[in-house]
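The primary structure of each chain is shown beneath.
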Amino acid sequence: KTFPGLTNINNYALFAFDTTWLLIQALEQLCSTTTNNSSSCTSFVDSSYCFYRRFRNSNSLFNIINNMRFLGVSGSVQFNVNTTDRIGGAYYFARNAQPSSNGVAFVPVLTYTVNNGWQSYAEANVIIWPGNSLITPGSVATLNGVTLRIGVIASAPFTVVGTATNSLEQATPQLTGYVPDLIAQLQTDLGFISDIRLAPSNLTYNQIIQKVANGDYDIIIGDVTITSARRKIVGFSESIFDNSLYIIMRNTPDVSYALFGFMKPFSSNLWLLTIGATTVAAIIICLLERKTNEALQNMSIISVCVMSWWYCVGNIIGYGVDFHLNTAAGRLLTLGLYILSIVLVASYTATLTSDLTIQKAQFPVSGVDDLKAGKIPFGRIGVRVGSASQDFYLREISKGVYNFYPLPASRQVTFDSLLSNIVDASFIDSGVGQYVTNNIYCNLTLVGQSFDQSIFGIVTPIEWNYAQILDVKILALRESGTLYLLQQKWFQSKTCPDSLSNTPTALDVPSMGGLFLVFGVIIALSFLLFAWQQYIKNHVFSLPYCNKFSVKKKRSKTRHSSKLSKTRYSSKLSKTRHSSKPSEHAENYKVSSSEIIHF
């Protein structure tokens, strides 16, 4: 009752007071049990050396102290034989704020000890509850009339920061979006007073969350992902938005075409096998048809081989040729060429069409598995530092290795880095990604399917008094469809045109450059062949000496062949005269017709 208060007494004095009171109580009990002579219970063994001087009844005194227990100014005082320090020393008062003549008085109403927990204070009368009521309120704290310092994060469309002009012609920030609308709805239903504060843009999400743990904000509402690491330092409400991650890239990736890309449908081994099979078939046709096929007669061996190879190529590509094979073996071989033509041409056409279409329309990656496979260099993947996407990257892609391109917390830097070709890909939340690619950055797009499903929640202090009533209201808004209507309002809008309508579907010159290069080589070879036949062969090899030698040789051959032809013709005519059957005459004439023409 005479305690002057903690501000007027040193903390060590509290323990000194209890220690002195403990010694007084123990000595009083010792003297009352040992003898009536007070001087004998407090006697010492005298000695000239101080360390040998001791209290005679020290053992009895320690036994009394170990069995003593009382409530001191520093808490409960109690000892045990097996310990060297006091036990059960925690002791607290719970004081009730009650009106008094001097204003407000704090009256003790509950006590706490380690052994008994909270108990009613013996000298307490009543507990006065808020509103000067003696009725105990319910267990759920209400937010009605409570001022909340609410931190919001600039991230469209959750919180869109604009400017507005007040009555003094001054520009002030104006907040719109999904989060301001949600705050207004919660304020209407719960009755709290909102003090909205925009979080600094240079802080990471983890640093902003830490401000709740430090007491700078009461709550934070925004696109904050609930993670196990964050739950260790703050609390979270029920989900206000179902989230997932997407890969975001430039809408028109750079596509490079190989010069001879039209040859890629077949591997080099298949091309060599096709050329080899065509050459073997041409040699076989040359052997089978050279003597029996009129189209190949009177030709040099080189010309026959060339015509045979042309026959094979023409049938394989489906063009056809201007002569046919006469032998049965040759026709069977032609059937094999037709079979090759059906399979090879169909396979080549389908594969080439697929390759050119996919190469033009497809992005370098189709999902997060391609990022794990390294189809994009890890240093070209931008990740915002201190975000949930960084946790995902380290956990699922790099296995803890910091090999990504670090980006600040601001999403604007992410978009600028993609557009300026600093990075090729990045991660973005589904809601924000759909909004910006549909309304702001039409030349950015989301690639593949969503992954790493998560939820956004309102950040609160751990074991916040108003957590239950806030969770109940959020669930009620979800069940009534209010959250769905807000999502439709801010996330379903679209001002960008469809990417398919703006993307050209025509193939450009680089995709077919190699094909036209091969065609140009063929044109050059045909000009060289024409020049050989028309000029080089007739002029360069028609020198006077060569012409004289050629004429003499040709004349001698002509005379010899003329005599031989006359002899053959005369003998055959004589045979024809002696023949008795007209059919035999016709047959003999037919047999010798080539010689007659030659003659």
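Bear in mind the structure is a predicted one, so any value in this text is a computation, not a measurement. (Residues numbered from 1 in each chain as written. Predicted model: local features only at pLDDT ≥ 70, side-chain atom pairs only at ≥ 80, totals over all residues. Heavy atoms only, no water.)

As a further point, take the UniProt feature "transmembrane region" (unreviewed entry) in the protein chain. Under the feature "transmembrane region" (unreviewed entry), the UniProt entry names residues 270-288, 300-320, 332-350 and 514-532. Taken end to end, residues 270-288 is 100% helix and 0% strand, and its first and last C-alpha atoms sit 27 Å apart. (UniProt positions renumbered as here; feature names shortened; annotations may be inferred. Helix = DSSP H or I, 4+ residues; strand = E, 2+ residues; numbered from the N terminus.)

The next subject is the pattern of salt bridges. Under the definition given, this model contains 12 salt bridges. Two residues, Arg-149 and Asp-218, come together in a salt bridge whose shortest N-O distance is 3.0 Å. On the criterion of sequence distance, the pair formed by Arg-149 in strand β8 (residues 147-152) and Asp-218 in the loop between α5 (205-214) and β12 (219-221) is long-range, its members being 69 residues apart. Residue Asp-370 pairs with Lys-375 through a salt bridge whose shortest N-O separation is 3.5 Å. Residues participating in the shared-partner salt-bridge network are Asp-223, Arg-411 and Asp-429. (Salt bridge = Lys/Arg side-chain N within 4 Å of Asp/Glu carboxyl O.)

Turning our attention to unusual backbone geometry. Going from Ala-156 to Pro-157, the amide bond is cis rather than trans, its omega being 0 degrees. Counting through the fold element by element, Pro-157 comes out in the loop between β8 and β9 (160-165). Positive phi values are uncommon outside glycine, yet Asp-452 reaches one of about 55 degrees. Position of Asp-452 relative to the elements: it lies in strand β17 (residues 444-460). Take Asp-452: its relative accessible area is 25%, and that puts it in the partly exposed class. (Buried < 20%, exposed > 50% of the residue type's maximum accessible area, 1.4 Å probe, protein only.)

What follows covers the pairing of strand β13 (residues 235-250). A large share of β13 lies buried, amounting to 14 of its 16 residues. When β13 meets strand β16 (residues 425-429), the two strands line up antiparallel, connected through 4 bridges. Its bridge partner being in β16, Tyr-246 is matched across the sheet by Ile-428. (Pairing = 2+ DSSP bridges.)

So, about the packing of helix α7 (residues 268-289) against helix α8 (residues 301-316). Packing of α7 against α8 leaves a shortest axis separation of 8 Å and a crossing angle of 125 degrees. The orientation of α7 relative to α8 falls into the category oblique. In the crossing of α7 with α8, the sense of the turn from one axis to the other is right-handed. Judged by residue contacts, Thr-278, Thr-279, Ala-281, Ala-282, Ile-285 and Cys-286 of α7 engage Ile-301, Val-304, Cys-305, Ser-308, Trp-309, Tyr-311, Cys-312, Val-313 and Ile-316 from α8. Each residue belonging to the contact of α7 with α8 can be placed in one class, and the counts come to 12 nonpolar, 3 polar and no charged. (Axes fitted to C-alpha atoms, helices over the stretch in contact; angles between N-to-C directions. Parallel < 35°, antiparallel > 145°, perpendicular 65-115°, else oblique. Left-handed = near helix turned anticlockwise from the far one by under 90°. Contact = heavy atoms within 4.5 Å. Nonpolar A, V, L, I, M, F, W, Y, C, P; charged D, E, K, R; others polar.)

Now for helix α4 (residues 178-190). In an α-helix, one full turn covers 3.6 residues, which means residues spaced three or four apart are oriented alike. Between its terminal C-alpha atoms α4 stretches 18 Å, which fits the 18 Å expected from 13 residues at 1.5 Å a residue. Considered for burial, the residues of α4 that qualify are Tyr-178, Val-179, Pro-180, Leu-182, Ile-183, Leu-186 and Leu-190. Gly-191, located one to two residues past α4, shows a positive phi value of around 80 degrees. (Expected span 1.5 Å × (residues − 1).)

Looking now at the sheet that holds strand β7 (residues 117-120). The strand order across the open sheet built from 3 strands is β5-β6-β7, with neighbouring strands paired in antiparallel fashion. Edge positions in the open sheet fall to β5 (91-100) and β7, since each of these has one partner strand only. Put simply, the sheet's adjacent strands are angled 40 degrees from each other on average, direction ignored. When strand β6 (residues 103-113) meets β7, the two strands line up antiparallel, connected through 4 bridges. In the sheet register, Tyr-112 faces β7, and the bridge partner there is Trp-118.

Aromatic ring pairs are defined here through the distance separating the ring centres and the angle between the ring planes. Throughout the structure, instances matching the rule amount to 20 aromatic pairs. Ring centres of Tyr-112 and Trp-118 lie 5.3 Å apart, and the angle between their planes is 50 degrees; on these two criteria the pair is classed as tilted. Judged by centre distance (5.3 Å) and plane angle (75 degrees), the ring pair of Trp-464 and Tyr-466 falls under edge-to-face. Just as Trp-464 is buried, Tyr-466 falls in that class too. (Phe/Tyr/Trp six-rings, centres within 6.5 Å; stacked < 30°, edge-to-face > 60°.)

Residues Leu-332, Leu-335, Tyr-338, Ile-339, Ile-342 and Val-343 make up a contiguous nonpolar surface patch of about 630 Å² in total accessible area. Here Tyr-338 is to be found in helix α9 (residues 328-361). (Patch = residues over 30% accessible without salt bridge, like charges linked within 9 Å, V, L, I, M, F, W, Y side chains within 5 Å. Areas by Shrake-Rupley, 256 points an atom, 1.4 Å probe, with all protein chains shown as cover.)

For the structure shown, the criterion picks out 2 disulfides. The partner cysteine of Cys-31 in its disulfide is Cys-41, sulfur to sulfur 2.0 Å. Residues Cys-31 and Cys-41 are joined through a disulfide that is right-handed, its torsion about the S-S bond being 80 degrees. Within this pair, whereas Cys-31 is found in helix α1 (residues 11-34), its partner Cys-41 is found in helix α2 (residues 38-41), the two being separated by 10 residues in sequence. Judged by its relative accessible area of 0%, Cys-41 falls in the buried class. Each sulfur of the disulfide joining Cys-442 and Cys-496 lies 1.9 Å from the other. (Disulfide = S-S within 2.5 Å.)

Structurally, the position occupied by Lys-399 is in the loop between α11 (388-397) and β15 (405-407). When neighbours within four sequence positions are excluded, Lys-399 is seen to be in contact with Tyr-393 and Leu-394.

Its place among the elements puts Lys-211 in helix α5. Linking Lys-211 and Gly-151, residues 60 residues apart in sequence, is a C-alpha distance of 9.1 Å. If we skip the residues at most four places from it in the chain, Lys-211 touches Leu-203, Asp-216 and Tyr-217.

We now examine the nonpolar core. Core analysis: the largest hydrophobic core is formed by 39 residues, its most contacted members being Tyr-178, Leu-182 and Ile-221. Among the elements that line this core, the one with the most residues is α4, at 6 residues. Formed by 18 residues, the second largest nonpolar core is a distinct cluster that contains Val-365, Val-368, Leu-371 and Val-383. (Core = buried A, V, L, I, M, F, W, Y, C linked by side-chain atoms within 4.5 Å.)

Attention now goes to the confidence of the model for the protein chain. Looking at the protein chain, pLDDT values average 79 and 78% of them are 70 or higher. The low-confidence segment residues 500-505, where pLDDT is below 50, has 3 contacts with residues more than four positions distant or belonging to other chains. Here residues 545-599 is modelled with pLDDT under 50, and outside its nearest four sequence neighbours on either side it reaches 18 contacts, counting other chains as well. (pLDDT = per-residue confidence, 0-100.)

Before going further, it helps to spend a moment on the side chain of Thr-159. Within the secondary structure, Thr-159 sits in the loop between β8 and β9. On the basis of relative accessible area, Thr-159 is assigned to the buried category, the value being 2%. Side-chain polar atoms of Thr-159 contact the backbone oxygen of Ile-153, separated by 3.4 Å. Among all residues touching Thr-159, those that are not within four sequence positions of it are Val-152, Ile-153, Ala-154, Leu-175, Thr-176, Val-179 and Pro-180. (Polar contact = N/O pair within 3.5 Å; in protein donor to acceptor, adjacent residues only side chain to side chain.)

Take the environment of Ile-247 next. Take Ile-247: it is sitting in strand β13. Residue classification places Ile-247 among the buried residues on the basis of a relative accessible area of 0%. For the pair Ile-247 and Asp-429, spaced 182 residues apart in sequence, the C-alpha separation works out to 9.0 Å. With near-sequence residues (within four places) excluded, Ile-247 lies in contact with Gly-367, Val-368, Leu-371, Ala-425, Ser-426, Phe-427, Thr-445, Leu-446, Val-447 and Phe-451.

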